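A structural walkthrough
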Amino acid sequence: MAKKSSDYFGLGYLVSLILAIIPFTAWILGVVTRFKEGKIVAGIIRIFGGWLIWLLDLIFMIKDKKICRLLNI
């Protein structure tokens, strides 16, 4: 069985949820996560539009246990 992890660097769901609740932390970790995945354009969009995406990240983290992925480029 594969180990289930959440989006922020493979941290557990509860830790990732707590980090997603804090706007600045969610913004920074969202940018770093997208760059780590090799999604350069999505990372740049998160740099400038991260505060708007934060709410979507919070909703997706609660609902799907993953951050929002608007763009997979």
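We now turn to the structure provided with this report. Everything numeric in this text was worked out from a predicted model, so none of it was measured.

Section: the environment of Ile45
Inspection of the secondary structure puts Ile45 in helix α3 (residues 40-64). Ile45 sits 11 residues away from Arg34 along the chain, and the two C-alpha atoms are 9.9 Å apart. Residue contacts for Ile45: discarding those within four places in its chain leaves Gly50, Ile53 and Leu71.

A look at the nonpolar core
Counting nine residues, the largest nonpolar core is built from Tyr8, Leu17, Ala20, Ala26, Leu29, Trp54, Leu58, Met61 and Ile67. Looking at this core, the elements with two or more residues in it are α1 (13-21), α2 (23-36) and α3. The element best represented in this core is α3, accounting for three residues.

Description of α2
Counting along an α-helix, one turn takes 3.6 residues, and residues three or four places apart therefore face a common direction. With 14 residues, α2 extends 20 Å between its outermost C-alpha atoms, agreeing within 8% with the 20 Å of an ideal straight helix rising 1.5 Å per residue. Ala26, Trp27, Leu29, Gly30, Val31, Thr33 and Arg34 are the residues of α2 that are buried. Buried-residue contacts for α2 involve α1 and α3. Looking one or two places after α2, you find Gly38, whose phi comes out positive at around 85°.

Some points on the pattern of salt bridges
The final tally for this structure, using the stated rule, is three salt bridges. Between Glu37 and Arg34 there is a salt bridge, and its shortest N-O distance comes to 2.7 Å. With its nearest N and O atoms 2.7 Å apart, the salt bridge here joins Arg46 to Asp57. Looking at Arg46, the relative accessible area reads 5%, which means it is buried. Classification of Asp57 as buried rests on a relative accessible area of 1%.

Reading guide: rules and limits
- Residues numbered from 1 in each chain as written.
- Predicted model: local features only at pLDDT ≥ 70, side-chain atom pairs only at ≥ 80, totals over all residues.
- Heavy atoms only, no water.
- Helix = DSSP H or I, 4+ residues; strand = E, 2+ residues; numbered from the N terminus.
- Contact = heavy atoms within 4.5 Å.
- Core = buried A, V, L, I, M, F, W, Y, C linked by side-chain atoms within 4.5 Å.
- Buried < 20%, exposed > 50% of the residue type's maximum accessible area, 1.4 Å probe, protein only.
- Expected span 1.5 Å × (residues − 1).
- Salt bridge = Lys/Arg side-chain N within 4 Å of Asp/Glu carboxyl O.

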